[in-house]
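# Commentary on secondary and tertiary structure
Listed below are the residues making up each chain.
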Amino acid sequence: QGGGASQAILMTCAVVANSAEAAGGVFDSSLYYCTVTLNSARTVGGASLGHLENCIVYFNQAAGTDANYDTYAVLDYCCTTPLPATGTANISLNPQLSDGTHLTAASPCIGKGRNWPDFKWHDIGGLPLADPCSIGCEEYITGSVTGALSVAVTAPYTNVSVGFETPFGVVIDGRTTAGLWTFGDGATLSNRASVRHCWSTPGVYDVALTAFNESHPEGVSGTVQVNVIARPVHYVVKGSSNPVPPYVSIETAASDIQSAIDAASVPGSLVLAGDGVYASGGRAVDGLMTNRVVVEKPLLLQSMNGPQKTVIVGAQAAAGGNGDGAIRCVYLNEGSGLSGFTLTNGATRIGGDAAYEQKGGAIWCPSTAPLITNCLLINNRGYARAGGSYGGTLANCVVMNNAAQDGGGVYASALAGCILVGNSSLMSEGAAYGSCLTNCTVVGNSGAVAGGSMLNCISFYNTNRWGAPNNVGALMNHCCTFPLPVSGWGNFTNEPGFVNFAAGDLHLEVTSPCINSGHTADAPTGTDLDGNPRLKGGAVDVGVYEFQNPLSLLSYAWLQSNGLSTDGSADFADPDCDGMNNWEEMLAGSNPTNASSCLRLLTPAVGQSGVTVTWQSVTNTVYFLERATEFGTSRAFSNVGSNIVGHLNTTSFLDTNAPGYGPIWYRVGVQTQ
């Protein structure tokens, strides 16, 4: 724990690009005027526990929702995402850094910190803090963003294939007003701490970051050159009679998957495997743990005809289950991908290094970076953690009948559009532990989900060894589950309404409360598990399948809970005659059958400190406030406040920048969560 610092006090420090199993940035520490960016861990990428004040905690990575911080960390006057539920004066806007630490002129962190009156602070470069100060380890004062600049762009690969997303980093020495990335193909990005880019056409491209400051308005650049070639393809045909390296045709295909992987040399290469059951061979990685297939290179391993026809089979120990002699199905390293396979009968060792040899019966990944799509993970066993996948990002996959002590299905993974069914654990989280699930269906597991998060998910008909239903400790939003979680928003307890759960048909019936009841902005793009469009109707559905012919645009769960019809007739009706139709009432979280429940501005109060604006509100809703001083046809409203967390009955906001003359118009709106 604590890749950067553990149980420390840090003042005006930068904690950048560290890693750990947990708390990649800082653990149980007190941070003041610090910047915590680009750190990574399986759980909690940025800050775990401790107190942070005037800190930027952004662009960190972890498997679950705790990419930047966990619920045990206390944040005040910080820039992070998502916006903390507690704490004072935090903001969630992109900090607009030119690298891991340097503020640019566009940063919303400028002037948003809190000064300590008893101390004369300086930033990391020795500049006295402004009043009010900036958030983060570096101050930004116009007229002082001067001095020498040097820029160095870094890249792990400079010879890649078309379509390969290449990561780039940068180190800047000196203060900056802006940073501009160019990639040689017309694409540009501004003020990014790190970037990734892929090219659609072969060629030689100059990737450059140009940094600017007041001494160098012309900019100072760092450049790296990348050679992009057509994507190489290496073929595998089970039982090939004429295998000739590097296996670039069907006629000269490799007879086993590992040989084709070993022959690939260009990042982004494709290894294409033909039909068959691949159940022989193996390679030990990280100790004595043998893997049937090892992908340590940044390439995509894909089947020709899908998981029903292409199977990778691991092996259990001689006595059955886990132990010496067990073989994991697949080992995936950073930058690699797997698509279109069935992975079955994989197992792990009981002894050896617990971090590598006892986890992931089907798949082991170092992080969530490896992408696994259109795969079936069935009947695998992990000893310590993850019978199915340890790490990795799974999209449109089925995780079934896997087992482990913790996280029978997956552990420290990210999942989108997946089914988890029949998985089990000796603890309480048979389906998933410490993972981030979006638009997944989690049913029939012995223990459901612990830790991590669930968005737009169905979690029903699960029980653990103590008889408790469904979920233990996952942060849930817009989910169908029982009982109702103690926190989160948009959740409902109605039964999901499957076509035929007993027969394994998890599609939604026509009256399912899951229809249109999800949160669309953060839903997966593309198609659902059937290959149908992910979005049909007014909002994304909850669960893995999208109902293709909804009659109403509104959430069926919301309509049903308020006794309204789901046939579309109630969508824009106003049954309580309060001036808000049902669509507006649903967005505002108000009661469509109670005229006194609506989103309404109350009389503002003018005082010496500014104007206090108050409106009728509900909890679990976030608002924005806008102001205009002219109310012509253009209605030029400007933002006054955002990420304003609603309170029961009314919420107030003090506009300290209100002009000292009138008239002034205000409007309040619901901010999409």
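In this text, all values refer to a predicted model and were calculated from it rather than measured experimentally.

### Here we look at the sheet that holds strand 14 (residues 150-154)
Strands in a sheet are paired, the pairing made by backbone hydrogen bonds, and the direction either parallel or antiparallel. Read across the open sheet, the three strands follow the order 14-16-19; overall the sheet is antiparallel. Because the sheet does not close on itself, it has two edges, and the strands there are strand 14 and strand 19 (195-197). Mean inter-strand twist for the sheet, computed between neighbouring axes without regard to direction, equals 30°.

### Digging into the environment of Asn 54
Topologically, Asn 54 is positioned in the loop between strand 10 (51-53) and strand 11 (56-58). Take Asn 54: its relative accessible area is 0%, and that puts it in the buried class. For the pair Asn 54 and Val 606, spaced 552 residues apart in the sequence, the C-alpha separation amounts to 30 Å. Discounting residues that sit within four places of it in the chain, Asn 54 has contacts with Tyr 33, Cys 34, Asp 76, Tyr 77, Cys 78, Gly 113, Arg 114, Cys 133, Ile 135 and Gly 136.

### Structural notes on the pairing of strand 16 (residues 166-173)
Direction of pairing for strand 14 relative to strand 16: antiparallel, over a ladder of five bridges. Each residue of the ladder has a partner; that of Val 151, found in strand 16, is Ile 172. With three bridges connecting them, strand 16 and strand 19 associate as antiparallel partners. Bridging across to strand 19, Pro 167 finds its partner in Arg 196.

### Quick word on the nonpolar core
Counting residues in each nonpolar core, the largest one holds 46 residues, and the members touching the most others are Ile 257, Leu 338, Leu 343, Leu 420 and Leu 437. Ignoring sequence-local partners within four residues, the contact set of Leu 420 consists of Val 399, Val 410, Leu 415, Ala 431, Ala 432, Leu 437, Cys 440, Thr 441, Val 442, Val 443 and Asn 445.

### Observations regarding the sheet that holds strand 6 (residues 30-32)
Strand order in the open sheet made by the four strands is 2-6-10-12, with parallel pairing throughout. Strands with a single pairing partner mark the edges of an open sheet, and in this sheet they are strand 2 (9-11) and strand 12 (74-76). The average undirected angle you get between the axes of adjacent strands in this sheet is 5°. Pairing analysis gives three bridges linking strand 2 to strand 6, with the strands arranged parallel. Within strand 6, the position partnered with Met 11 by the bridge is Tyr 32.

### Thoughts on a nonpolar patch on the surface
Where nonpolar side chains cluster on the molecular surface, the patch consists of Leu 553, Phe 572, Trp 583 and Leu 587 and spans about 400 Å² of accessible area. Here Leu 553 is to be found in the loop between strand 53 (505-508) and helix 3 (556-561).

### Considerations on the pattern of salt bridges
Here the structure, examined in full by the defined rule, presents eleven salt bridges. One salt bridge in this structure joins Glu 138 and Arg 175, with 3.9 Å as the shortest N-O distance. Taken together, the positions of Glu 138 in the loop between strand 13 (79-80) and strand 14 and Arg 175 in the loop between strand 16 and strand 17 (178-182) put the pair 37 residues apart, joining distant regions of the chain. The two residues Glu 138 and Arg 175 agree in class, both being buried. Among the ionic pairs, Arg 627 bridges to Asp 655, the shortest N-O distance being 2.9 Å. Pair noted here: Arg 627 is in strand 56 (residues 622-628) and Asp 655 is in strand 58 (residues 649-655), with a separation of 28 residues, a long-range link. For the residue pair Arg 627 and Asp 655, the accessibility class agrees, reading buried in each case. Residues joined by salt bridges that share partners form a network here, namely Glu 21, Arg 42 and Lys 359.

### Quick word on the side chain of Asn 191
Take Asn 191: it is sitting in the loop between strand 18 (188-190) and strand 19. For Asn 191, the side chain forms a polar contact with the side chain of Gln 96, separated by 3.1 Å. Contact partners of Asn 191, with chain neighbours within four places excluded, come to Gln 96, Leu 97, Ser 98, Thr 104, Ala 106, Ala 178 and Gly 179.

### Here we look at the state of the cysteines
Tallying each qualifying case throughout the model produces zero disulfides. Between Cys 418, a free cysteine, and Cys 397, which holds the nearest cysteine sulfur, the sulfur-to-sulfur gap is 4.8 Å.

### Describing unusual backbone geometry
In the segment running from Asp 131 into Pro 132, the intervening peptide bond is cis, with an omega of 5°. A cis amide bond links Phe 482 to the next residue, Pro 483, at an omega of 0°. On the secondary structure map, Pro 483 appears in the loop between strand 51 (480-481) and strand 52 (498-500). One non-glycine residue, Asp 28, adopts positive backbone phi at about 50°. Relative to the elements of secondary structure, Asp 28 occurs in the loop between strand 5 (26-27) and strand 6. Positive phi is not limited to glycine here, since Asn 456 has a value of about 60°. Relative to the helices and strands, Asn 456 resides in the loop between strand 47 (453-455) and strand 48 (458-460). For Asn 456, a relative accessible area of 0% gives the class buried.

Parameters at a glance
- Residues numbered from 1 in each chain as written.
- Predicted model: local features only at pLDDT ≥ 70, side-chain atom pairs only at ≥ 80, totals over all residues.
- Heavy atoms only, no water.
- Pairing = 2+ DSSP bridges.
- Helix = DSSP H or I, 4+ residues; strand = E, 2+ residues; numbered from the N terminus.
- Axes fitted to C-alpha atoms, helices over the stretch in contact; angles between N-to-C directions.
- Buried < 20%, exposed > 50% of the residue type's maximum accessible area, 1.4 Å probe, protein only.
- Contact = heavy atoms within 4.5 Å.
- Core = buried A, V, L, I, M, F, W, Y, C linked by side-chain atoms within 4.5 Å.
- Patch = residues over 30% accessible without salt bridge, like charges linked within 9 Å, V, L, I, M, F, W, Y side chains within 5 Å.
- Areas by Shrake-Rupley, 256 points an atom, 1.4 Å probe, with all protein chains shown as cover.
- Salt bridge = Lys/Arg side-chain N within 4 Å of Asp/Glu carboxyl O.
- Polar contact = N/O pair within 3.5 Å; in protein donor to acceptor, adjacent residues only side chain to side chain.
- Disulfide = S-S within 2.5 Å.

Honestly, it's all geometry; don't read function into it.
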